[in-house]
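Report on the structure
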Amino acid sequence: MLTMTTLRAFNCDDLFKFNNINLDPLTETYGIPFYLQYLAHWPEYFIVAEAPGGELMGYIMGKAEGSVAREEWHGHVTALSVAPEFRRLGLAAKLMDMLEEISERKGGFFVDLFVRVSNQVAVNMYKQLGYSVYRTVIEYYSASNGEPDEDAYDMRKALSRDTEKKSIIPLPHPVRPEDIE
């Protein structure tokens, strides 16, 4: 199945074709201006997987951010989602690999992402891809249904520029969202 999958740059038309992916309750869905902002500022970090018939299978959206001087320049995964019918094919791993390669080329020290503490399937997948929990962010995800807000793991994977792997030394205490730069 993956051999016939096309991995390509996300384009504006895809905004009208990715509902099958975004309807998943664990996928964070944003307003169209947010997606367009990423498409305008970090187009190389916005990649879609397309089936032979043109159906979108999944996407990854990210950016480059941080300070080079403080060795915090890195790639960030803003969203990674694969439609339920295309899961367990290795698509998420392939999309992550592409984002990591882009971050390497841009001289990043690490790649990071935030994931719900309760989303153990995703947490375990990221661990299999070489990510580790750097810190817990208290009440990072807002609840909409009267439930309490949910904590996130800030997970990281060091890139080759971080030869001493300093970027992934776990913090001993949780932080609040306002403490994140």
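Residues numbered from 1 in each chain as written. Predicted model: local features only at pLDDT ≥ 70, side-chain atom pairs only at ≥ 80, totals over all residues. Heavy atoms only, no water.

Note the threshold: UniProt positions are given in the numbering used here, feature names are shortened, and annotations may be inferred rather than shown by experiment.
The name recorded for the protein chain in an unreviewed UniProt entry is N-alpha-acetyltransferase 20, from Pygocentrus nattereri. Annotation of the protein chain in UniProt includes, under Subunit (unreviewed entry), the sentence "Component of the N-terminal acetyltransferase B (NatB) complex which is composed of NAA20 and NAA25." Under the UniProt heading Sequence similarities (unreviewed entry), the entry covering the protein chain gives this text: "Belongs to the acetyltransferase family. ARD1 subfamily."

1. A closer look at a nonpolar patch on the surface
Going by this rule: Patches here: salt-bridge-free residues with over 30% relative accessible area, like charges joined within 9 Å, nonpolar side chains (Val, Leu, Ile, Met, Phe, Trp, Tyr) joined within 5 Å. Computed with the Shrake-Rupley method and a 1.4 Å probe, the accessible areas treat only the protein chains shown as cover for residues. The term salt bridge refers to a side-chain nitrogen of Lys or Arg lying within 4 Å of a carboxyl oxygen of Asp or Glu. Strands here mean DSSP runs of E at least two residues long; helices mean DSSP runs of H or I at least four residues long; both are numbered from the N terminus.
Together, Phe 16, Ile 32 and Leu 36 make up an exposed nonpolar region whose accessible area comes to about 310 Å². Mapped onto the fold, Ile 32 is located in helix H2 (residues 32-41).

2. Here we look at the nonpolar core
Where we set the bar: Nonpolar core, defined: a set of buried Ala, Val, Leu, Ile, Met, Phe, Trp, Tyr and Cys residues in which side-chain atoms within 4.5 Å join the residues together. Only protein chains enter the accessibility calculation, which uses a 1.4 Å probe; a residue whose area is less than 20% of its type maximum is buried, one above 50% is exposed, and one in between is partly exposed.
The biggest cluster of nonpolar side chains holds 42 residues, and the ones touching the most others in it are Tyr 59 and Tyr 126. Ranked by size, the runner-up nonpolar core spans five residues in total, among them Phe 114, Val 137, Tyr 141 and Val 175.

3. Some points on H2
Rules: The reported arc concerns the directions from the helix axis to the C-beta atoms and nothing else. Between two residues, a contact is recorded if the distance between any of their heavy atoms is within 4.5 Å.
Residues Tyr 35, Tyr 38 and Leu 39 constitute the buried set of H2. Down the axis of H2, the buried set is contained in an arc of 100°. They therefore lie on one face. Exposed residues on H2 whose side chains face more than 90 degrees from its buried face are Pro 33, Ala 40 and His 41. Contacts from the buried residues of H2 go to helix H1 (19-22), strand S2 (46-50), strand S3 (56-65) and strand S4 (74-82).

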